[in-house]
Structures are given as C-alpha cells and as structure tokens.
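Observations on the model geometry
Residue strings, one per chain:
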Amino acid sequence: MGSDLIKLLNLDHVGIAVHDLDHALDEYREKYGITPLYRETVASQGVEEAMIPLGGSFIQLLQPLGPETPVGRFLAKQGEGVHHLAWAVANINAALEHLKAQGARLVDSEPRPGGGGTRIAFVHPRDLAGTLIELVESPDD
C-alpha cells in the first residue's frame, strides 16, 4: 500500500483544550475579532466544542464535559493548550487501513462520529513525536 492512500488534504484543525469555553470564546472575539462557525456538544467525545474558521482550517476549542473524559484528564495533567492536530483525509477507512499496515499505534481502529457530521479517528501520540493526531473525513468529501 502506498502513502497516497491517506491523501492528506489539509490541516483540518488544531484542537485546544480549555477549562471554560465561554471565556475562551470571549477572548478570541475580543483579541482577534473572530467568532465560531458553530458550537455543539459531542457527548460521545465528552466535550463541548466550538469551531473557529481560520483560512482553510479551524481552531477547535474543547471544554470537557467532566474530569474523567479524555480532554478532562488532559487538562488535569497538562493544563490548557494544544490537545491535538487534525488532518483532513479523503477516505478515513483507507487512511486507517494504510496506517494499520504501517504498524501505527491507533487509538481508533474504526472511524467514529465527530462534530459537524464528520467521521474521525485518532492516532496515538506515541506514534508521531508525542503528538495526538486526529483524522477527519468531512461529510461532503
């Protein structure tokens, strides 16, 4: 299998963990004059998220729904800041198959629902320089 099967399309978003989503959104509005494209609760991920458009990508602000969620544990251990980088992919199933064949450490071996109608999967931070990577397939890809 060739690396062209993943077809990285773009930096989809940078996920930033925050304690208080309302406060973070106020800061982005005041300092940068930007507002979210949408805001939603993604219970299956244990977060409330807001997506802020930035060129062809997004800033995703993530507030945990509780301390025992992945983002809640991240905040307790690391504090606020960059949680993950997300790559837009043309075909998430093909991307996961390629990564499995390459021996990548996957958090998700199958796609799961993400915000905004996307399908997502995570690659373990130990697989790439300590960085949690999210693969994102948009509903209109």
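Looking at the overall build of the protein chain
When its secondary structure is counted, the protein chain shows three helices and eight strands. Radius of gyration (C-alpha) of the protein chain: 15 Å, near the 14 Å computed for a compact globule of 141 residues. Residues classed as buried in the protein chain amount to 42% of the 141 residues present. When contacts within the protein chain are restricted to residue pairs at least 6 apart in sequence, long-range pairs at least 24 apart make up 53% of them. Of the roughly 7600 Å² of accessible surface on the protein chain, a fraction of 52% belongs to carbon and sulfur atoms.

A look at the sheet that holds strand 6 (residues 112–113)
The strand order 2-3-4-1-5-8-7-6 describes an open sheet built from eight strands, whose pairing is mixed. Of all strands in the sheet, those bounded by a partner on one side alone are strand 2 (38–42) and strand 6. In the sheet, strand 3 (residues 47–54) pairs with strand 4 (residues 57–64) via eight bridges, with the strands oriented antiparallel. Opposite Glu48, over in strand 4, you have Gln63 as the bridge partner. Its contacts with the sheet put helix 1 (residues 21–32) on strand 1 (8–17), strand 2, strand 3 and strand 4, and the angle it makes with strand 4 is roughly 150 degrees.

Focus on the pattern of salt bridges
Applying the stated rule across the entire model yields eight salt bridges. Across the pair Asp22 and Arg39 runs a salt bridge, and its minimum N-O distance is 2.8 Å. Linking Asp22 in helix 1 with Arg39 in strand 2, this pair joins segments that are 17 residues apart in sequence. Overall, the relative accessible area of 43% leaves Asp22 in the partly exposed class. Two residues, Arg39 and Glu48, come together in a salt bridge whose shortest N-O distance is 2.6 Å. Arg39 sits in the partly exposed class, given a relative accessible area of 35%. The buried category is assigned to Glu48, whose relative accessible area is 18%. Among the charged side chains, a network of salt bridges with common partners joins Asp22, Arg39 and Glu48.

What to know about helix 1
Look at helix 1: 16 Å from first C-alpha to last across 12 residues, which is about the 16 Å you get at 1.5 Å a residue. Within the sequence span of helix 1, burial applies to Leu21, Ala24, Leu25 and Tyr28. When helix 1 is viewed along its axis, its buried side chains cluster within an angular range of 100 degrees and face the same direction. The exposed residues of helix 1 that point more than 90 degrees off its buried face are Glu30 and Lys31. On its buried face, helix 1 is in contact with strand 1, strand 2, strand 3 and strand 4. Its side-chain oxygen at 3.1 Å from the backbone nitrogen of Asp22, Asp20 defines the N-terminal cap of helix 1. Positive phi appears at Gly33, one or two residues downstream of helix 1, with a value of about 65 degrees.

About the thresholds
Residues numbered from 1 in each chain as written. Predicted model: local features only at pLDDT ≥ 70, side-chain atom pairs only at ≥ 80, totals over all residues. Heavy atoms only, no water. Helix = DSSP H or I, 4+ residues; strand = E, 2+ residues; numbered from the N terminus. Rg over C-alpha atoms; globule rule 2.2 N^0.38 Å. Buried < 20%, exposed > 50% of the residue type's maximum accessible area, 1.4 Å probe, protein only. Contact = heavy atoms within 4.5 Å. Areas by Shrake-Rupley, 256 points an atom, 1.4 Å probe, with all protein chains shown as cover. Pairing = 2+ DSSP bridges. Axes fitted to C-alpha atoms, helices over the stretch in contact; angles between N-to-C directions. Salt bridge = Lys/Arg side-chain N within 4 Å of Asp/Glu carboxyl O. Expected span 1.5 Å × (residues − 1). Arc of directions from axis to C-beta. Polar contact = N/O pair within 3.5 Å; in protein donor to acceptor, adjacent residues only side chain to side chain.

Geometric descriptors of this kind do not, in isolation, establish any biological role.
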